[in-house]
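Take a look at the letters that make up each chain.
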Amino acid sequence: MSEFREIHNELKRRRAALERRLQLIADDMRRTQGPLDADSEEQAIELENAPVLDALDASGHDELAEINAALVRLSGGEFGECSECGEDIPIDRLHAMPTARTCATCTT
Ligand SMILES: [Zn+2]
């Protein structure tokens, strides 16, 4: 567990940043869904942004789920094991991609 302390902190940092970002997106979405500006040009921009915000929101929630899953694996002691072959995932890979579930061999 101690060898993953840094990764644990990194995951928590990422989660906090992501939650802030999702909050901003949620605020933005509420604004786009609210009464549209009377200005028609503004309206067009707001309508154009809505799908982008939706996509950002969806990918953000996926990422959040990945981070939470990694934290669960950390507390359960399964972290760092490839879900495909069961081998240890190299620590360098985990540092680069803390949410990785598989070793590089199984990913490709
Ligand atoms: Zn593997």
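Details of the structure are given in the entry above.
Residues numbered from 1 in each chain as written. Predicted model: local features only at pLDDT ≥ 70, side-chain atom pairs only at ≥ 80, totals over all residues. Heavy atoms only, no water.

Here the focus is the coordination of the zinc ion. Distances from the zinc ion to its protein donors, Cys82 (SG), Cys85 (SG), Cys103 (SG) and Cys106 (SG), fall at 2.3 Å. In this structure, the zinc ion is surrounded by four donor atoms whose angles at the metal cover 104 to 116 degrees, and the resulting shape is tetrahedral. Read in sequence order, the donor residues for the zinc ion give the motif C-x2-C-x17-C-x2-C. Remark: cysteine 103 occurs in the loop between helix 3 (91-96) and helix 4 (104-107) and cysteine 85 occurs in the loop between helix 2 (40-76) and helix 3; sequence separation between them is 18 residues. (Donors = N, O, S within 2.8 Å, 3.2 Å for Na, K, Ca; no water. Tetrahedral: all angles 85-135°; square planar, octahedral: opposite > 155°, others 65-115°. Helix = DSSP H or I, 4+ residues; strand = E, 2+ residues; numbered from the N terminus.)

Okay, the packing of aromatic side chains next. According to the stated counting rule, one finds one aromatic pair in the structure shown. Seen in terms of ring centroids, phenylalanine 4 and phenylalanine 79 are 4.9 Å apart; in terms of plane orientation they differ by 80 degrees. Their pairing is edge-to-face. Of this pair, phenylalanine 4 sits in the segment before helix 1 (5-33) while phenylalanine 79 sits in the loop between helix 2 and helix 3, placing them 75 residues apart in sequence. In this structure, phenylalanine 4 and phenylalanine 79 share a single accessibility class: buried. (Phe/Tyr/Trp six-rings, centres within 6.5 Å; stacked < 30°, edge-to-face > 60°. Buried < 20%, exposed > 50% of the residue type's maximum accessible area, 1.4 Å probe, protein only.)

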